[in-house]
Amino acid sequence: MQAAVRKRQSNAPRSSTNPRPGSPTGDLAHEWLYLSQKLRVLLNMCTSQPESKPKGSSMKRPQFHFDLWFYLTVQNWILDFGRPIVMIILPLEWFPLNKPSAGDYFHMAYNVITPFLLLKLIERSPRALPRSAVYLSIITLVMGASIHLVGDSINHRLLLSGYQLHLSVRENPIIKDLKPATLIDSFELLYFYDEQLGHLMWYIPFFIILFLYFTGCFTHVKEEKTMPLSGWLLLGPSALYYWYLVTEGQIFQLFLLTFLAMVATVIHQRHKGSVPDANGLFLFASFSVTMFLVAVWVAWLWSDPVLRKKYPGHLYVPEPWSYYTLHVKDSH
């Protein structure tokens, strides 16, 4: 049929005027003209260059996430650091030993709010991050923090009964004389879930998420190399909390590996002409100050014989609450 149409068009007399719209030839010509114009528009859209913009505007990174960093810092101090403090301050009659304490409710809130804020932080990452790694890290973090919730709840009740944090489980006065002796093994298992497995499943994904976010916080824009005043105001409280997290959680090795990975990332990106943006600078500066605070803490307690016995090895990083039960609690 197409051949017949072309034959009729070739036999038709040529005219300088356009074909009549009502004729079959005119309809075909108009349709062809319409399709040609559409094709020309599509080609122009594919090959045309974007409109000129002010220099650097196309590479501008998101602004400093003051709201998320502020919420993370405040909830870390209140819900994590404040857990044992609120248990000491509030009357024991309000929270019987066979019921959840105020600190337990703080921990429950932490287990919900922290993953939510980390997910919101990942959403604002300038670069798309691997979703599977993020989801697995969040799931593992919640599971590890929940394990720690149970172990830490029982551990704080043992403190009210005379348990000494600066001593090992078998050396504690309220544990070493238990009968039968297999009960001591159960308390050591509880300590393992609380201080080792729970911490690893909690903090490893936590630092993985922060590092993944950090890898996306690089830019070529020179104006983004400075941190705003709000970031400097949050730097002290943020770094001080990470110091508490590293020392009390006994995760200095994990923190050190994360910090070295961040340093290596900065060096690698500088060779490519990229620098950390405001959020990357805040995170890197917080970890740098934390490293300094941990070094000061270790140097101060380097010669303490009791803490040296509980924390043997070359990486000696005592826990703040062990120092409290050893040197502060009895004096007050």
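Residues numbered from 1 in each chain as written. Predicted model: local features only at pLDDT ≥ 70, side-chain atom pairs only at ≥ 80, totals over all residues. Heavy atoms only, no water.

Visitor: So what exactly am I meant to see when it comes to the overall build of the chain here?
Guide: Within the chain one finds 12 helices and two strands. When its helices and strands are written in sequence order, the chain yields α-α-α-α-α-α-α-β-α-α-β-α-α-α. Counting every position in the chain, which comprises 332 residues, the buried fraction comes to 41%. When contacts within the chain are restricted to residue pairs at least 6 apart in sequence, those whose partners lie at least 24 apart make up 76%. If you sum the accessible surface of the chain, you get close to 19,800 Å²; carbon and sulfur atoms cover 66% of it. (Helix = DSSP H or I, 4+ residues; strand = E, 2+ residues; numbered from the N terminus. Buried < 20%, exposed > 50% of the residue type's maximum accessible area, 1.4 Å probe, protein only. Contact = heavy atoms within 4.5 Å. Areas by Shrake-Rupley, 256 points an atom, 1.4 Å probe, with all protein chains shown as cover.)

Visitor: What's the story with helix α5 (residues 131–160) in this structure? I'm lost.
Guide: Since there are 3.6 residues in each turn of an α-helix, residues three or four apart along the chain are aligned in direction. The end-to-end C-alpha distance of α5 is 43 Å, a good match for the 44 Å that 30 residues give at a rise of 1.5 Å each. Taken from the residues just after α5, G162 is the one with a positive phi, measuring 110°. (Expected span 1.5 Å × (residues − 1).)

Visitor: Would you take a moment to explain the packing of helix α4 (residues 102–123) against α5 for this structure?
Guide: Two numbers describe a pair of packed helices, the interaxial angle and the distance between the axes. Here α4 crosses α5 at 165°, and the two axes come no closer than 10 Å. The orientation of α4 relative to α5 falls into the category roughly antiparallel. In the packing of α4 onto α5, the handedness of the crossing is right-handed. Counting all contacts with α4, which are made through D104, H107, M108, N111, P115, L118, L119 and I122, the residues of α5 involved are V134, I138, L141, V142, A145, S146, H148, L149, S153 and R157. (Axes fitted to C-alpha atoms, helices over the stretch in contact; angles between N-to-C directions. Parallel < 35°, antiparallel > 145°, perpendicular 65-115°, else oblique. Left-handed = near helix turned anticlockwise from the far one by under 90°.)

Visitor: What's the story with the packing of aromatic side chains in this structure? I'm lost.
Guide: Aromatic ring pairs: the centre-centre distance and the angle between the two ring planes describe each pair. Using the criterion set out here, one finds 27 aromatic pairs in the structure. Between W69 and F282, the ring centres sit 5.1 Å apart and the planes meet at 50°, which makes this aromatic pair tilted. With W69 in helix α3 (residues 66–89) and F282 in helix α10 (residues 278–300), this residue pair connects regions lying 213 residues apart in the sequence. F282 sits in the buried class, given a relative accessible area of 1%. Taken together, a centroid distance of 5.9 Å and an interplanar angle of 55° make the contact between Y241 and Y242 tilted. The exposure classification of Y241 matches that of Y242, with both residues buried. Across from the ring centre of W302, 4.0 Å away, lies the NZ or CZ of R308, which sits over that ring. The ring of Y316 has R308 lying over it, and the distance from NZ or CZ to the ring centre is 4.2 Å. (Phe/Tyr/Trp six-rings, centres within 6.5 Å; stacked < 30°, edge-to-face > 60°. Lys NZ or Arg CZ within 6 Å of the ring centre and 35° of its normal.)

Visitor: Explain the environment of L79 here, please?
Guide: As for its placement among the helices and strands, L79 is situated in helix α3. A sequence separation of 30 residues divides L79 from A109, and the C-alpha atoms of the two residues are 7.1 Å apart. Discounting residues that sit within four places of it in the chain, L79 has contacts with F106, H107, A109, Y110 and I113.

Visitor: Explain the nonpolar core here, please?
Guide: Membership of the largest hydrophobic core comes to 64 residues, with the highest contact counts inside it found for W69, F207, L283 and F287. Contributing elements (two or more residues each) for this core: α3, α4, α5, α7 (182–215), α8 (229–248), α9 (252–271), α10 and α12 (320–328). (Core = buried A, V, L, I, M, F, W, Y, C linked by side-chain atoms within 4.5 Å.)

Visitor: Looking at this structure, I do not really get the confidence of the model for the chain. What am I missing?
Guide: Caution applies to low-pLDDT regions: their predicted coordinates should not be interpreted in detail. Of all residues in the chain, 79% have pLDDT values of 70 or greater, and the mean over the chain is 82. Predicted confidence in the chain is weakest over helix α1 (residues 2–11), with a mean pLDDT of 50, and strongest over α10, with 96. Below pLDDT 50 for its whole length, residues 12–18 participates in zero contacts with residues either more than four positions away or in separate chains. Note that pLDDT drops below 50 for residues 46–61; the model gives that stretch 12 contacts with residues more than four away or on any other chain. (pLDDT = per-residue confidence, 0-100.)

Visitor: Explain the side chain of T247 here, please?
Guide: Inspection of the secondary structure puts T247 in helix α8. Those residues in contact with T247, other than ones at most four positions away along the chain, are V294, W297, V317, P318, E319 and P320.

Visitor: How should I be thinking about the side chain of S322 in this particular structure?
Guide: For S322, the position within the fold is in helix α12. Judged by its relative accessible area of 1%, S322 is buried. A distance of 2.7 Å separates polar atoms of two side chains, one belonging to S322 and the other to Y311. (Polar contact = N/O pair within 3.5 Å; in protein donor to acceptor, adjacent residues only side chain to side chain.)

Visitor: Just checking my understanding: could you explain the pattern of salt bridges for this structure?
Guide: Close approach of charged atoms allows side chains of opposite charge to pair. Within this structure, the stated rule accounts for eight salt bridges. Note that R157 is salt-bridged to D104, the shortest N-O span being 3.3 Å. Pair noted here: R157 is in helix α5 and D104 is in helix α4, with a separation of 53 residues, a long-range link. Using a relative accessible area of 7% as the deciding quantity, one classes D104 as buried. Between E123 and K120 there is a salt bridge; the shortest N-O distance is 3.2 Å. With E123 and K120 both in helix α4 and three residues apart, the pair spans about one turn of that helix. One network of salt bridges, in which partners are shared, links D80, R83 and D152. (Salt bridge = Lys/Arg side-chain N within 4 Å of Asp/Glu carboxyl O.)

Visitor: Just to check I follow, could you spell out unusual backbone geometry for this structure?
Guide: A negative phi angle characterises most non-glycine residues, just as the trans form characterises most peptide bonds. Each neighbour pair has its own omega, and for K179 with P180 the value is -5°, a cis peptide bond. Within the secondary structure layout, P180 lies in the loop between α6 (173–176) and α7. The phi dihedral of Q250 is positive, around 55°, even though this residue is not glycine. Mapped onto the elements, Q250 comes out in the loop between α8 and α9.

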